[in-house]
Amino acid sequence: VETAPEEHAHLIGRRVVLMPDVPCYKCPQCLQGNYNLCDVGRSIGWELPGGFAEDVAVPPETLKAGGLAYVPDALPDQEAVLAEPVACALRGQDALSIGPADTVLIVGAGPMGYLHTCLARLRGAGRIILSDLLARRLEQTREAPADIRLVVDDRFETTVKDLTRARGGADVVIIAAATADAQRTAVRLAAKRGQVNFYASLPADEAGRFDSNPIHARELRIVATRDATVPALHAALDLLASRRLPVGPLMKAMEPFDALPSLLARFDRADVLKPTVRLAG
Ligand SMILES: [Zn+2]
């Protein structure tokens, strides 16, 4: 923090991470404290300036919401930037119950699927199956502590059903892939009374007809979590500082700002797991 009004002078010189969502404080969701569900829904880097910027003006609403958190001294900058995605994943699993008898199926081996695998292991998951349409995603996340890795191909559903035959499906399914196919497959592969988190949002052209019958027939417990919250952001920073989360694979594509266009193109082609831009200074 370079400058701050007098009442926030204690921030000057400190390293901080910022909640990108800026609540309005007026809508029904904000009045209930659900700032991540704010009906106005402004975010830094979307409706408000500050994405990929060397200098960011922090809106007063962010300070009021506690959306500025100190980075622990032991945590390097390049790992602190993961606080927000880690916070999102933490919320995703806080909404689930994961135990040593559970098989957790994670659909999608992108950066979020990787983090969900690491967190499910820390939470004591009995067995973790990590899956993706792309073999190269499974290769990029080979350090994830999954017990089984599966490419989503013609045999995928049969293989998962065989692996989970004793319970009739996976006890917990986390959908970390932004396709309707992933959602449809996930509810078919959940065990009766299993838990499913619809973690990824779908692009508009993917939001189509969805067969809800397996949800009813299997008495699934469906949850959905989106975005981070202030408490989750603090928990994420603590977890990162504890070094219990192996973040190495997420650090491999760190490039200077000039390389941003090519870095994003590589990300679109799934050539890199998690692009990070290093700003000057
Ligand atoms: Zn609001």
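Up top is the structure.
Let us look at the structure shown here. (Residues numbered from 1 in each chain as written. Predicted model: local features only at pLDDT ≥ 70, side-chain atom pairs only at ≥ 80, totals over all residues. Heavy atoms only, no water.)

### Notes on the overall build of the protein chain
The condition that has to hold: Helix numbers and strand numbers start at the N terminus; a helix is a DSSP run of H or I with at least 4 residues, a strand a run of E with at least 2. Only protein chains enter the accessibility calculation, which uses a 1.4 Å probe. A residue is then buried if its area is under 20% of the maximum for its type, exposed if over 50%, and partly exposed in between. Two residues form a contact once any of their heavy atoms are found within 4.5 Å. In this description, accessible areas are obtained by the Shrake-Rupley approach with a 1.4 Å probe, and a residue is regarded as covered only by the protein chains that are shown. By the counting scheme adopted, Arg and Lys are positive, Glu and Asp are negative, and His together with the chain ends is not counted. Charge positions are represented by NZ for Lys, CZ for Arg, CG for Asp and CD for Glu.
Broken down by element type, the protein chain carries 11 helices and 12 strands. For the protein chain, the spread of C-alpha atoms along the three principal axes comes to 60 × 40 × 35 Å. Looking at the 281 residues of the protein chain, the share that counts as buried comes to 44%. Taking the contacts inside the protein chain whose residues are at least 6 apart along the sequence as the reference set, 65% of them involve residues at least 24 apart. Put simply, the protein chain shows about 14,400 Å² of open surface, and 52% of that area lies on carbon and sulfur atoms. The centroid of the 32 positive side-chain charges in the protein chain is displaced by 7 Å from the centroid of its 35 negative side-chain charges.

### Comments concerning the side chain of Arg137
Inclusion rule: Take a side-chain nitrogen of Lys or Arg and a carboxyl oxygen of Asp or Glu: if they are within 4 Å of each other, that pair is a salt bridge. As used in this structure description, the phrase polar contact means that two N or O atoms lie within 3.5 Å; if the pair is within protein, one of them must be able to donate a hydrogen and the other to accept it, and residues adjacent in sequence are counted only when both atoms belong to side chains.
Structurally, Arg137 can be placed in helix α6 (residues 135–140). The buried charged residue Arg137 lacks any salt bridge, with Asp132 as its nearest oppositely charged partner at 5.0 Å. A polar side-chain atom of Arg137 sits 2.8 Å from a polar atom in the side chain of Gln140. Excluding residues that lie within four positions of it along the chain, Arg137 makes contacts with Ala109, Gly110, Asp132, Phe267, Ala270, Val272 and Leu273.

### A look at the coordination of the zinc ion
Inclusion rule: Here the coordinating atoms are restricted to nitrogen, oxygen and sulfur within 2.8 Å of the metal centre, or 3.2 Å for Na, K and Ca, and because water is not among them the sites may look incomplete.
Listed as protein donors to the zinc ion are Cys24 (SG), Cys27 (SG), Cys30 (SG) and Cys38 (SG); their distances from the metal cover 2.3 to 2.4 Å. Each donor residue of the zinc ion lies on one chain, and together they are spaced C-x2-C-x2-C-x7-C. Note on accessibility: Cys27 and Cys30 belong to one class, buried.

### Some words on the packing of helix α7 (residues 156–163) against helix α8 (residues 180–189)
For the record, the criterion: To get an axis, fit a line to the C-alpha atoms, keeping to the stretch in contact for a helix; angles then go from 0 to 180 degrees between the N-to-C directions. Under this scheme an angle from 65 to 115 degrees is roughly perpendicular, one under 35 degrees roughly parallel, and one over 145 degrees roughly antiparallel; angles in between are oblique. Should the near helix be turned counterclockwise from the far one by less than a right angle, the crossing is left-handed, whereas a clockwise turn marks it as right-handed.
It is the contact of α7 with α8, at a shortest axis distance of 10 Å, that shows an interaxial angle of 25°. In terms of orientation, α7 and α8 fall into the roughly parallel class. Our pair here, α7 against α8, has a crossing hand that is right-handed. Side by side, α7 and α8 meet where Phe156, Glu157, Val160 and Lys161 of the first sit next to Thr185, Arg188 and Leu189 of the second.

### Looking at the nonpolar core
Our working definition: The term nonpolar core refers to a set of buried residues drawn from Ala, Val, Leu, Ile, Met, Phe, Trp, Tyr and Cys, joined through side-chain atoms within 4.5 Å.
Residues Val17, Val86, Val104, Leu240 and Leu245 are the most contacted members of the largest nonpolar core, which totals 46 residues. Those elements giving two or more residues to this core turn out to be α4 (83–94), β5 (103–107), α5 (111–122), β6 (127–132), β8 (170–175) and α10 (230–242). Not counting residues within four places of it along the chain, the set of residues in contact with Val17 comprises Gly67, Leu68, Ala69, Val71, Ala80, Ala83, Leu233 and Leu237. Judged by nonpolar contacts, the second largest core, of 19 residues, contains Val160, Ala182, Ala186 and Val196.

### Things to note about the environment of Ile128
Its place among the elements puts Ile128 in strand β6. In the structure, Ile128 is positioned 23 residues away from Leu105 in sequence and 6.0 Å away in space, judged by C-alpha atoms. Beyond its immediate sequence surroundings of up to four residues, Ile128 is in contact with Val104, Ile106, Thr117, Ala120, Arg121, Pro145, Ala146, Asp147 and Ile148.

### Looking at the pairing of strand β12 (residues 275–278)
Which entries qualify depends on this criterion: We treat two strands as partners when DSSP finds at least two bridges between them. Think of it like this: strands point away, you trace from the first strand over the helix to the second, and a clockwise trace means the crossover is right-handed.
Across 4 bridges, strand β11 (residues 253–256) lies against β12 in parallel orientation. Residue pairing across strands places Pro256 opposite Arg278, the latter belonging to β12. After leaving β11, the chain enters helix α11 (residues 260–268) and then returns to the sheet as β12, a path that is right-handed.

### Focus on the packing of α4 against α5
Helix-helix packing: each pair is described by the crossing angle between the helix axes and the interaxial distance. How we decide: For this scheme, ten residues count as nonpolar: Ala, Val, Leu, Ile, Met, Phe, Trp, Tyr, Cys and Pro. Four count as charged, namely Asp, Glu, Lys and Arg, and the remainder, Gly too, count as polar.
Their axes nearest at 10 Å, the elements α4 and α5 cross at an angle of 55°. Of the possible angle classes, the one that applies to α4 and α5 is oblique. Considering the relative orientation of α4 and α5, their crossing is right-handed. Each of Pro85, Val86, Cys88, Ala89, Leu90, Gly92 and Gln93 in α4 lies in contact with α5, whose residues at this interface are Met112, Leu115, His116, Leu119 and Ala120. Among the residues forming the contact of α4 with α5, the class breakdown is 9 nonpolar, 3 polar and no charged.

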